[in-house]
Amino acid sequence: MTFKTIGVVGGGTMGQGIAEMLAARGLDVLIAEKTMEKAAYALEMITVSLDKQIERWAITEVEKKLILNKIKVTDSLQEMGTCDMVIESIKEDLNAKKHVFFQLNQICPPSVIIASNTSTLSVTEIAAVTTNPGRIIGLHFLHPVAKIDLVEIVRAMKTTDETYERTRKFVTELIQKKSIKVNESPGYITTRLICTLINEALHTLSEGVASAEDIDTAMRIGYDFRYGPLEMCDRFGLDAVQAALEGMFREYGDIKYRPSYLLKQMVRAGHLGVKTGEGFFRYDKDGDRL
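Residues numbered from 1 in each chain as written. Predicted model: local features only at pLDDT ≥ 70, side-chain atom pairs only at ≥ 80, totals over all residues. Heavy atoms only, no water.

**So, the overall build of the chain**
The cut-off we apply is this: Runs of H or I in DSSP of at least four residues are treated as helices and runs of E of at least two as strands, each being numbered from the N terminus. The size measure is the radius of gyration over C-alpha atoms, and the globule rule it meets is 2.2 Å times the number of residues to the 0.38 power. A simple rule labels every residue: compare its accessible area, found with a 1.4 Å probe on the protein chains alone, to the largest value its type can have, and call it buried under 20%, exposed over 50%, or partly exposed in between.
What the chain contains, in helices and strands, is 11 helices and eight strands. Here the chain has a C-alpha radius of gyration of 19 Å; the compact-globule value for 290 residues is 19 Å, and the two agree. Overall, the chain is about 55 × 45 × 35 Å in size when its C-alpha atoms are taken along their principal axes. Counting every position in the chain, which comprises 290 residues, the buried fraction comes to 47%.

**Some thoughts on the UniProt feature "domain: 3-hydroxyacyl-CoA dehydrogenase C-terminal" (unreviewed entry) in the chain**
Where we set the bar: UniProt positions are given in the numbering used here, feature names are shortened, and annotations may be inferred rather than shown by experiment.
In the numbering used here, UniProt assigns the feature "domain: 3-hydroxyacyl-CoA dehydrogenase C-terminal" (unreviewed entry) to residues 187–283. From the first C-alpha to the last, residues 187–283 spans 27 Å; its make-up is 61% helix and 0% strand.

**Remarks on the pattern of salt bridges**
Inclusion rule: Here, a salt bridge means any side-chain nitrogen of Lys or Arg that lies within 4 Å of a carboxyl oxygen of Asp or Glu.
Within the structure shown, the criterion is met by 13 salt bridges. One salt bridge in this structure joins Lys 64 and Asp 51, with 2.8 Å as the shortest N-O distance. Taken as a pair, Lys 64 in helix α3 (residues 61–69) and Asp 51 in helix α2 (residues 36–55) lie far apart in primary sequence, 13 residues in all. Relative accessible area serves as the criterion here: at 13%, Lys 64 is assigned to the buried category. By relative accessible area, Asp 51 is classed as partly exposed at 28%. Here Lys 275 and Asp 239 are joined by a salt bridge, their closest N and O atoms 2.9 Å apart.

**As for the UniProt feature "domain: 3-hydroxyacyl-CoA dehydrogenase NAD binding" (unreviewed entry) in the chain**
UniProt tags residues 5–184 as "domain: 3-hydroxyacyl-CoA dehydrogenase NAD binding" (unreviewed entry). Across residues 5–184 one finds 41% helix and 22% strand; the C-alpha atoms that close the span lie 27 Å apart.

**A few points about the pairing of strand β2 (residues 28–32)**
Look at any regular strand and the pattern is simple: side chains alternate between the two faces of the sheet. What counts here: We treat two strands as partners when DSSP finds at least two bridges between them.
For β2, the buried fraction is high: four of the five residues fall into the buried class. Two elements, strand β1 (residues 5–9) and β2, share five bridges in a ladder whose sense is parallel. Along β2, the bridge assignment pairs Val 9 with Ala 32.

**A word on the packing of helix α7 (residues 190–206) against helix α9 (residues 229–236)**
Operational definition: Lines fitted to C-alpha atoms define the axes, with helix axes restricted to the stretch in contact, and inter-axis angles between N-to-C directions lie between 0 and 180 degrees. Each helix crossing is assigned a hand: it is left-handed if the near helix lies turned anticlockwise from the far helix by less than a right angle, otherwise right-handed if that turn is clockwise. We call two residues contacting when some pair of their heavy atoms lies within 4.5 Å. Gly is put with the polar residues, along with every residue not named as nonpolar or charged; the nonpolar set is Ala, Val, Leu, Ile, Met, Phe, Trp, Tyr, Cys and Pro, and the charged set is Asp, Glu, Lys and Arg.
Two elements in contact, α7 and α9, have axes separated by 9 Å at closest approach and are oriented at 115°. Considering only the axes of α7 and α9, their crossing is left-handed. Only Pro 229, Leu 230, Met 232, Cys 233 and Phe 236 of α9 make contact with α7, whose side of the interface consists of Ile 194, Leu 197, Ile 198, Ala 201, Leu 202 and Leu 205. Residues of the contact of α7 with α9, tallied by class, amount to 11 nonpolar, no polar and no charged.

**With respect to the environment of Ser 119**
Of note, Ser 119 is situated in the loop between β5 (113–116) and α5 (123–127). With 72 residues separating them along the chain, Ser 119 and Thr 191 place their C-alpha atoms 6.3 Å apart. Once residues within four sequence positions are removed from consideration, Ser 119 is found in contact with Glu 92, His 140, Gly 187, Tyr 188 and Thr 191.

**What to know about the pairing of strand β4 (residues 85–88)**
Formally: By definition, the crossover connecting two strands over a helix is right-handed if that path, from the first strand to the second, turns clockwise as seen with the strands pointing away from the viewer.
Here β4 shows a buried face lined by Met 85 and Ile 87 and a second buried face lined by Val 86 and Glu 88. Here β1 runs beside β4; their pairing, made up of four bridges, is parallel. Paired with Gly 7 across the strands is Val 86, a residue of β4. Sheet analysis places β4 next to β5, joined by four bridges and oriented parallel. Among the inter-strand pairings, Val 86 is bridged to a residue of β5, identified as Ile 114. In this region the chain leaves β4, passes through helix α4 (residues 94–107) and returns to the parallel neighbour β5; the handedness of that crossover is right-handed.

And the structure:
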């Protein structure tokens, strides 16, 4: 079965990135959101992203139009039944994801692979609410999706070999990204390692060892990171990092995953990073540092 139309459930930051990347690869994309207002906002943010690429001479106006023409939006999950693969990318809430998969299981034909973009949650537990867990798999894209050529393909307990192979070919041949195979484990590889680094950076900051700027400069220049760990935290969303750490702390019981108290304070204050305009650093509406 060929992949022509890909459904993306959830039009948040990651959903937008996935949809834009898929459309840029020539695939038709259908974004489903709870309301048409949210769906329209997702399309608006994708347009902003494309306009910024035009400013950098990365794409042309013609390419922008071609990409946008590939993307449609809806407020009806039922329309996912017309897609050849569906990628769920809603908030990191286990019950919410299980509810979506329960519905998709009834909507999508048996041959359709249903993937979750979860970064920490159990794909096996999500798949358990479906009648065909063999077609459920994890597809963990990293932010920013267009720039990071890596996808973690997460095999749940009952994911079939056929589902894995079709997904691997989709990633490596169709969207031309490097795939790594991960047997399900809380945090997988990337989230487990990066959240530990971010948490240690938060401890370093709260202990007064150095400023946020200097901590990030040390890692950017010293270890050739694109962003320092604190700006990464801002871009992931402080609430998302806290949720990931709490999930791993709960699963592993290791104190290194216990979220820094500073992180909890920032989340309580509503300083969630790029999406609120302020975290450890400040950002404009396009997500650029001020």
